[in-house]
Amino acid sequence: MSPFTRSLTLFCGRIVAARAVRYHSSLTAELIENMDKKATWDRFYTESSSRTASFKNFEWFFGFDAVRDFIMPLLRTEPHPGGVLRVLDLGCGTSALGPCIYRHSPLPVQVTCADISPVAVRLMQEHIQAEAIQPHNLSSRLELVELDCTQLHEHYGSSSVDLIVDKGTTDALLRSKEGRQKAGLMLKQCLKALRRSGALLQFSDEDPDVRLLWLETEAQESGVMAVDVGVQEVGELRGLSYYCYNVNPRAIV
């Protein structure tokens, strides 16, 4: 096993695309210690795209089909007559998750795919334009934005988002050398951005005994905010279990 294989094992739950293992050996130490840094991901996606003749989505953990039954049931009720459900794919990279929500939601959705790396955002924009991806509902919209996930307040007002999907982004921050504080800040901003009827879905390979305690502890804010947290097992792949943490904001009365 190459050094980079071992590195991505820590982050991707031991499921690594063979092409990433072959092509990114130079990123071993940088990726593991600096997964909270923009420069790390710019370099990662630059090297990824330079090694292939055509665009390929890069999926951390798993793709949309593995988690669609956790996501789509939350998009069955309109927030108000004629309204649009606002969905945020947090730390999207070049994943197909956000575009798949856009393609499959029968209700109108405004899907925002956000990532700190302008390289990833550019690659996705070019791909979507080339593929001319069409929505299930003609009123749906899809946008890709460069956004530091610890600065959500600059893009979203309070109680303005219906669903936030986090597939590995919190894991990346928690496992970075200097990312733990950023993970807590990101969680708090997600909860502020969510409507009271909204949900944050975190997909992770972290054990529930650890993640549930972290979520409940970090979400508390001066007696103003708390959360209700549920967990379901997504499944097991190559001996590792994956979980969906459903986090719902709750004001303390």
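Just so you know, these numbers come straight off a predicted model, no measurement behind them.

Conventions adopted
Residues numbered from 1 in each chain as written. Predicted model: local features only at pLDDT ≥ 70, side-chain atom pairs only at ≥ 80, totals over all residues. Heavy atoms only, no water. Disulfide = S-S within 2.5 Å. Buried < 20%, exposed > 50% of the residue type's maximum accessible area, 1.4 Å probe, protein only. Axes fitted to C-alpha atoms, helices over the stretch in contact; angles between N-to-C directions. Helix = DSSP H or I, 4+ residues; strand = E, 2+ residues; numbered from the N terminus. Parallel < 35°, antiparallel > 145°, perpendicular 65-115°, else oblique. Left-handed = near helix turned anticlockwise from the far one by under 90°. Contact = heavy atoms within 4.5 Å. Nonpolar A, V, L, I, M, F, W, Y, C, P; charged D, E, K, R; others polar. Pairing = 2+ DSSP bridges. Salt bridge = Lys/Arg side-chain N within 4 Å of Asp/Glu carboxyl O. Expected span 1.5 Å × (residues − 1). 1 Å grid on protein atoms, 1.4 Å probe; cavity = no way out; pocket = protein on both sides within 12 Å on 5 of 7 lines; lining within 4 Å. Points joined across faces, edges and corners; volume = space filled by probe spheres on them. Phe/Tyr/Trp six-rings, centres within 6.5 Å; stacked < 30°, edge-to-face > 60°. Lys NZ or Arg CZ within 6 Å of the ring centre and 35° of its normal.

Caption draft 1: Highlighting the state of the cysteines. According to the stated counting rule, one finds zero disulfides in the structure shown. Not engaged in a disulfide, the cysteine cysteine 190 finds its nearest cysteine sulfur in cysteine 149; these two sulfurs lie 7.5 Å apart. On the basis of relative accessibility, which here comes to 1%, the residue cysteine 190 falls in the buried class.

Caption draft 2: Molecular detail of the packing of helix H9 (residues 180-193) against helix H10 (residues 208-219). Where H9 meets H10, the closest approach of the two axes is 9 Å, and the angle between their N-to-C directions is 65 degrees. Classified by the interaxial angle, the pair formed by H9 and H10 is roughly perpendicular. By crossing handedness, the relation of H9 to H10 is classed as right-handed. In contact with Arg180, Ala183, Gly184, Leu187, Lys188 and Leu191 of H9, H10 contributes Trp214, Leu215, Glu218 and Ala219. Classifying every residue of the contact of H9 with H10 by side-chain character gives six nonpolar, one polar and three charged.

Caption draft 3: Structural detail: the sheet that holds strand E4 (residues 161-167). Pairing in this open sheet of seven strands is mixed, and the strands run E3-E2-E1-E4-E5-E7-E6 from one edge to the other. Each edge of the open sheet is held by one strand with a lone partner, namely strand E3 (141-146) and strand E6 (225-237). Sheet twist, expressed as the average angle between the axes of neighbouring strands with direction ignored, equals 15 degrees. Here strand E1 (residues 85-90) pairs with E4 via three bridges, running parallel. Following the sheet pairing, leucine 88 is matched in E4 by isoleucine 164.

Caption draft 4: Representation of the pairing of E6. By the bridge criterion, twelve bridges tie E6 to strand E7 (residues 240-251) in an arrangement that is antiparallel. Bridging across to E7, leucine 237 finds its partner in leucine 240. Where E6 folds back on E7, the antiparallel hairpin that results is connected by two residues, among which arginine 238 adopts a positive phi of roughly 50 degrees.

Caption draft 5: Spatial organisation of the pattern of salt bridges. For the structure on display, the rule yields 14 salt bridges. Salt-bridge contacts for aspartate 162 lead to arginine 195; the nearest nitrogen and oxygen are separated by 2.9 Å. Taken together, the residues aspartate 162 in strand E4 and arginine 195 in strand E5 (residues 194-204) connect sequence positions 33 residues apart. Taking the relative accessible area as the measure of exposure, arginine 195 reaches 23% and is therefore partly exposed. Residue lysine 188 is joined to glutamate 218 by a salt bridge in which the shortest nitrogen-to-oxygen separation is 3.4 Å. With a gap of 30 residues between them, lysine 188 in helix H9 and glutamate 218 in helix H10 connect regions that are remote in the sequence. Within the structure, one salt-bridge network assembled from shared partners comprises Asp171, Arg175, Asp205, Glu206 and Arg211.

Caption draft 6: Focus on H9. With 14 residues, H9 should reach 20 Å at 1.5 Å per residue; the first-to-last C-alpha distance of 20 Å fits that figure. Listed in full, the buried residues belonging to H9 are Ala183, Gly184, Met186, Leu187, Gln189, Cys190, Leu191 and Ala193.

Caption draft 7: Focus on the layout of surface pockets. Within this model, the largest pocket holds a volume of roughly 380 Å³. Along its surface, the largest pocket is lined by 28 residues, and Trp41, Gly91, Asp115, Ile116 and Thr169 are the ones closest to its centre. For the lining of the largest pocket, the secondary-structure elements that each account for two or more residues are helix H4 (38-50), E1, helix H8 (169-174) and H9. For the lining of the largest pocket, the element with the highest residue contribution is H8, accounting for three residues.

Caption draft 8: The packing of aromatic side chains, seen in detail. Summed over the entire model, instances satisfying the criterion amount to 13 aromatic pairs. Between phenylalanine 58 and tryptophan 60, the ring centres sit 4.6 Å apart and the planes meet at 75 degrees, which makes this aromatic pair edge-to-face. Tryptophan 60 shares its class with phenylalanine 58; the two are buried. Relative to phenylalanine 62, the ring of phenylalanine 61 has its centre 5.9 Å away and its plane inclined at 50 degrees; by these criteria the two rings are tilted. Of the two residues, phenylalanine 61 and phenylalanine 62, both sit in the buried class. Through a chain of ring-to-ring contacts, three or more aromatic side chains come together here, namely Trp41, Phe44, Tyr45, Phe58 and Trp60. Sitting over the face of the ring of tyrosine 245, arginine 211 holds its NZ or CZ atom 5.7 Å from the ring centroid.

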